[in-house]
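# Understanding the architecture of this molecule
So the chains spell out like this:
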Amino acid sequence: MKAVQLVKFGEPAEALKFVDLPDPVPGPGDVVVKIEAAGVCGRDLVVRKGAFPHVKPPIVPGHEGVGKIVDVGPGVEKDIIGERVFLSGIYDGTCEYCKRGLENLCKNAELLGESRNGTYAEYVLVPAKFAHPFHGLDPRVAVVATCPLSTAVYALRHVDVEGKKVLVVGAGGTGIYIAQLAKVRGAEVYVSTRSPDKARVLKELGINTAPEGEKDFDVVVDTVGSPTLERSLKLAKRSGSVLVIGNVTGEKALLSPALIILRQLKVIGSMAFRPWDIYEALDILKRGLVKPLYTEYKLQDAARAHEDMERGAVIGRAILVP
């Protein structure tokens, strides 16, 4: 099969190579999915730079994927061949967090593209129970639900935004969906972005960019991380909430505890999503409540997709199509 492999950590052109790999063979309980669309997440860029010690090249990146089941292993019913599915993280289902419905915090989770080959490929091998059937959406649209929109769905479970003044910091592949969803949920939404193109698209969606000097937001959602976190804390009103969902550089942030203490802020981390959050995201897309924004690339152009994302040239999600 054709695939993009992370051969070493570094810049996109040197780190990501378009290669031929053996087709995956399903073992007991496995399925092989022919990828129709794979999303490129900001986390993929951090992985490529070598920020996660558990990632060992060579490996096929990518944890966002939609496709059709084309082969099954022993113990899996053959009648699911041909089903269109989305892929999720692989959870043990038995740890204390899984038992509480927090599979996203599973102690023994496996993430495609990090601990096993991921979705930047024509085919991917996964345990059957982590290939979830769905219907009614084009794969290019559906893949938006598999991380950016489902991350927004899960993040906004942590805070009530109805009637609140909300600032989304960053209009990248996740921020632009959080802004849309917060608006659907009744918030007065502003977005902080340096991109005129993204500001234009947001305006078309009825979402304003934050005026210079605007502050005292009830909720600040930081999708960027260490470069913007201190500013996000300062922009939240006293007793407000700061929801942290991204760290695109993978760097540490130096913060003054006084910012949190004296303003009595609630700082909340939100980690990814659960499979049922993806189903809710798919339903949101089917109902037309959120506009699916994406830029399509051929699989062999994954390095260019990474480069475009790093310079802020992608509006919405970058997706790879084999």
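Residues numbered from 1 in each chain as written. Predicted model: local features only at pLDDT ≥ 70, side-chain atom pairs only at ≥ 80, totals over all residues. Heavy atoms only, no water.

## Describing the domain arrangement of the chain
The domain architecture assigned to the chain consists of domain 1 (2–148 + 272–320) and domain 2 (159–269). Centre-to-centre, using C-alpha coordinates, domain 1 lies 26 Å away from domain 2. Each partner contributes to the interface: domain 1 provides 16 residues, whereas domain 2 provides 17 residues. Across the domain 1/domain 2 interface, buried area totals approximately 1300 Å², and carbon plus sulfur atoms make up 65% of it. Per-residue buried area on domain 1 facing domain 2 is highest for P148, V290 and I315; these three make up 32% of the total on that side. Among the ionic pairs, E280 bridges to R185, the shortest N-O distance being 3.0 Å. On inspection of domain 1 and its partner domain 2, the count reaches 3 residue pairs in polar contact (both at pLDDT 80 or more). Partitioning the side of domain 1 that touches domain 2 into residue classes produces 10 nonpolar, 2 polar and 4 charged. (Domains from an automatic or database assignment. Contact = heavy atoms within 4.5 Å. Buried area = accessible area lost by both parts, 1.4 Å probe. Salt bridge = Lys/Arg side-chain N within 4 Å of Asp/Glu carboxyl O. Polar contact = N/O pair within 3.5 Å; in protein donor to acceptor, adjacent residues only side chain to side chain. Nonpolar A, V, L, I, M, F, W, Y, C, P; charged D, E, K, R; others polar.)

## As for the packing of aromatic side chains
Scanning all chains against the criterion turns up 4 aromatic pairs. Measuring from ring centre to ring centre gives 5.0 Å for F86 and Y279, while their planes differ by 75°; the resulting arrangement is edge-to-face. Taken together, the residues F86 in strand 5 (residues 84–87) and Y279 in helix 10 (residues 275–286) connect sequence positions 193 residues apart. When its relative accessible area of 0% is taken as the criterion, F86 is described as buried. Relative to F217, the ring of Y190 has its centre 5.9 Å away and its plane inclined at 65°; by these criteria the two rings are edge-to-face. You can see Y190 sitting in strand 9 (residues 188–192) and its partner F217 sitting in strand 11 (residues 217–222), a full 27 residues away along the chain. Both residues of the pair, Y190 and F217, belong to the buried class. (Phe/Tyr/Trp six-rings, centres within 6.5 Å; stacked < 30°, edge-to-face > 60°. Helix = DSSP H or I, 4+ residues; strand = E, 2+ residues; numbered from the N terminus. Buried < 20%, exposed > 50% of the residue type's maximum accessible area, 1.4 Å probe, protein only.)

## A short note on the nonpolar core
Generally speaking, nonpolar side chains in soluble globular proteins are found buried as a group. Counting residues in each nonpolar core, the largest one holds 51 residues, and the members touching the most others are L149, V168, V221 and L282. Every element with two or more residues in this core is listed here: helix 4 (139–142), helix 5 (148–155), strand 8 (165–169), helix 6 (175–184), strand 9, helix 7 (196–204), strand 11 and helix 10. Per-element accounting of this core gives the leading share, 6 residues, to helix 6. Here this core spans two domains, and each of domain 1 (2–148 + 272–320) and domain 2 (159–269) adds at least three residues to it. Not counting residues within four places of it along the chain, the set of residues in contact with V168 comprises G175, I178, A179, V189, Y190, V191, S192, V221 and T223. Formed by 38 residues, the second largest nonpolar core is a distinct cluster that contains M1, L21, V126 and A305. (Core = buried A, V, L, I, M, F, W, Y, C linked by side-chain atoms within 4.5 Å.)

## A word on the UniProt feature "domain: Enoyl reductase (ER)" (unreviewed entry) in the chain
The feature "domain: Enoyl reductase (ER)" (unreviewed entry), as annotated in UniProt, sits at residues 11–320 in this numbering. Secondary structure across residues 11–320 comprises 26% helix and 25% strand; the distance between its end C-alpha atoms is 18 Å. (UniProt positions renumbered as here; feature names shortened; annotations may be inferred.)

## Quick notes on the pattern of salt bridges
Where charged atoms from two side chains of opposite charge come close, those side chains can pair. Here the structure, examined in full by the defined rule, presents 22 salt bridges. Note that E96 is salt-bridged to K107, the shortest N-O span being 3.0 Å. Placement of E96 in helix 3 (residues 96–99) and of K107 in the loop between helix 3 and strand 6 (123–127) is noted, with a sequence separation of 11 residues between them. Of the charged contacts, one joins R304 and D301 as a salt bridge, the two residues approaching to 3.6 Å between their closest N and O atoms. The class for R304 is partly exposed, based on a relative accessible area of 41%. Residues joined in a network through salt bridges with shared partners are R157, R185, R274, D277 and E280.

## Focus: the packing of helix 5 against helix 10
Axis separation between helix 5 and helix 10 bottoms out at 8 Å; the angle between their running directions is 110°. In this view, helix 5 runs roughly perpendicular relative to helix 10, as classed from their interaxial angle. From helix 5, L149, S150, V153 and Y154 reach across to helix 10, where they touch D277, I278, E280, A281, I284 and L285. Residue composition of the contact of helix 5 with helix 10, grouped by class: 7 nonpolar, 1 polar and 2 charged. (Axes fitted to C-alpha atoms, helices over the stretch in contact; angles between N-to-C directions. Parallel < 35°, antiparallel > 145°, perpendicular 65-115°, else oblique.)

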